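Summary of the model geometry
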Amino acid sequence: MGYVFQFGTVWREFDHLLLGAWLTLRLSALAMVFGLAVGIAGAQAKASSSRLMRGAVQVYVEAIRNTPFLVQLLFIYLGLPSLGLRLTPDEAALLAMVVNLGAYATEIVRAGIEAVPKGQIEAGRSLGLKPWQIFRFIVLMPALRTVFPALGSQFILVMLASSVVSVISAEELTAITDTIVARNFRSFEFYFVITGIYLAMSLAFQTLFAGIDRALFARWADRA
Amino acid sequence: MRYGIGRLLGLAIALLLGIAAANPAHRATAQTVDDIIKKGKVVIGVNTTTPIFGLMGKDGQPEGYDPDVARLVGKYIGVPVEFVSVTGANRIPYLLSGQIDMVIALFGITPERALQVSFSIPYAVEAATLVGPASRQVKTIDDLKGLRVGVPRGAMQDLILTPIAQEKGINLMRFDDEATDLQALISGQTDLAGTGLLVNRTLNRNDPGKDYQVKLVLRELHFGIGVRRGATDLLQWLNTFIYTIKNDGELDAISRKWRELPLENLPVF
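Now for a quick tour of the structure. (Residues numbered from 1 in each chain as written. Chains lettered and ligands numbered in written order. Predicted model: local features only at pLDDT ≥ 70, side-chain atom pairs only at ≥ 80, totals over all residues. Heavy atoms only, no water.)

1. What to know about the sheet that holds strand β10 (residues 171-175) of chain B
Residues and elements named next belong to chain B. Here 5 strands make up an open sheet; going across it, the order is β10-β9-β11-β8-β12 and the pairing mixed. Single-partner strands in this sheet number two, and they are β10 and β12 (212-223). Within the sheet, the average angular offset between the axes of one strand and its neighbour, ignoring direction, is 20 degrees. Across 2 bridges, the pairing between strand β9 (residues 148-152) and strand β11 (residues 192-195) is parallel. Each bridged residue has a counterpart across the sheet, and for G150 the counterpart in β11 is A193. (Pairing = 2+ DSSP bridges. Helix = DSSP H or I, 4+ residues; strand = E, 2+ residues; numbered from the N terminus. Axes fitted to C-alpha atoms, helices over the stretch in contact; angles between N-to-C directions.)

As structure tokens, then:
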């Protein structure tokens, strides 16, 4: 083929790649925390008695789940300024990821909440627990325990989706690699190595989630 | 795991064989003009996201300075032209992997790029500039302090400004292509955009009122046709071709049509 592989170029730039990996991890971690918060709020709103509230959340969820993430991202960064809201690339990237994850998390958490047996809630009421106590201990924790694997997968998907935020000039692993490759043209070597880095980050998150699972939910030992 | 490692491996091998079979072995680095004539078409990579030099026309065919030069290449070799849209980031990989025969896509001649490809003599002159609205006062690079400057990734403006961005206090923002870079300027997300000499005309047509001007000329550069290193026969033909169309006025006509300027005196090497 006549192409000479030069992996030495990758090791020379490795500190830049590590910076990129850190930026991706930070962006993803923030998106996961806020996205989960949005998801829990959305799931609660879905259970509300107000038809307007339920409808609004439904519109949000359907709009986000049926459109590409890249389009949502470009809309937030390039489109919103026309309405007066101007965000920096990093702010726009985080907002897009939170909005995106929030929609999927809403559906996932809602499914978990609906799976809580009604008898448990009635038992809580008859014990005199306040509504917020019922929600936190009887509804939310078991719900999260049930859907934790699904949530974890969605979190990892959002982390992988962060690789497109380079299109609005937000810096993370893929963006930094694109810039390096634009200078030395070693596409094969660099993209091969960052594929490995994304894989490592994904496995790291999975290990973290498994640890959180054991730490938080070990009490509910009846889970298969 | 239900499917087992054997089936997964088999699928992977089948996929690789399929990809290999779909790509005929036109990877000869010592490509000659005869190879192209024998192939029956010339595959040319052009940029389709930059005003004046390469945009996608309404009929779905690329139009602009570079596509017109590409069509002349096809005319004089005597084969039809197959266009492939390339970007600043992927034009060299596409060329080196054999997916295109040559690059005619605002390809600025630099020694770093010449380590990977061979350039023809210049067929166009441009400049790496920073463009902004008239209200933005910028005369020198020091005036860029604190400003948000958008550039296409890997373009000349990126290569010139990145090494000095930190010490000069420039907030450099790298976009994947020039179109997004200009869009960021129009929507106010950046103060200046890295682009060429004449793009402000297109900007003023699409976003009137701001009077976009070239604020800073970073470097004058020339575009050459890029071919794989070692394709000396093809390179010789292209140099002859460019000399001819400079001489007989065809290149001047293209320059007047797209840049609304007569062709300048281009250096040769």
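Following the structure, the description resumes.
2. A word on the sheet that holds strand β4 (residues 62-63) of chain B
Residue and element names in this part refer to chain B. Spatially, β2-β3-β4 is the arrangement adopted by the 3 strands of the open sheet, whose pairing is antiparallel. Two strands in the sheet have a free side with no partner beyond their single neighbour: β2 (49-50) and β4. Inspection of the sheet shows β2 paired to strand β3 (residues 54-56) by 2 bridges, in the antiparallel sense. Note that in β3 the partner of T50 across the bridge is G54.

3. So, the pattern of salt bridges
All names here are of chain B. The tally for this structure, following the rule as stated, stands at 19 salt bridges over all chains. The salt bridge involving D176 is made with R153; its shortest N-O contact spans 3.1 Å. Highlighted residues: D176 in the loop between β10 and α7 (178-186) and R153 in the loop between β9 and α6 (156-168), separated in sequence by 23 residues. Note that E260 and R201 form a salt bridge whose closest N and O atoms lie 3.6 Å from each other. Highlighted residues: E260 in the segment after α10 (250-259) and R201 in helix α8 (residues 199-206), separated in sequence by 59 residues. (Salt bridge = Lys/Arg side-chain N within 4 Å of Asp/Glu carboxyl O.)

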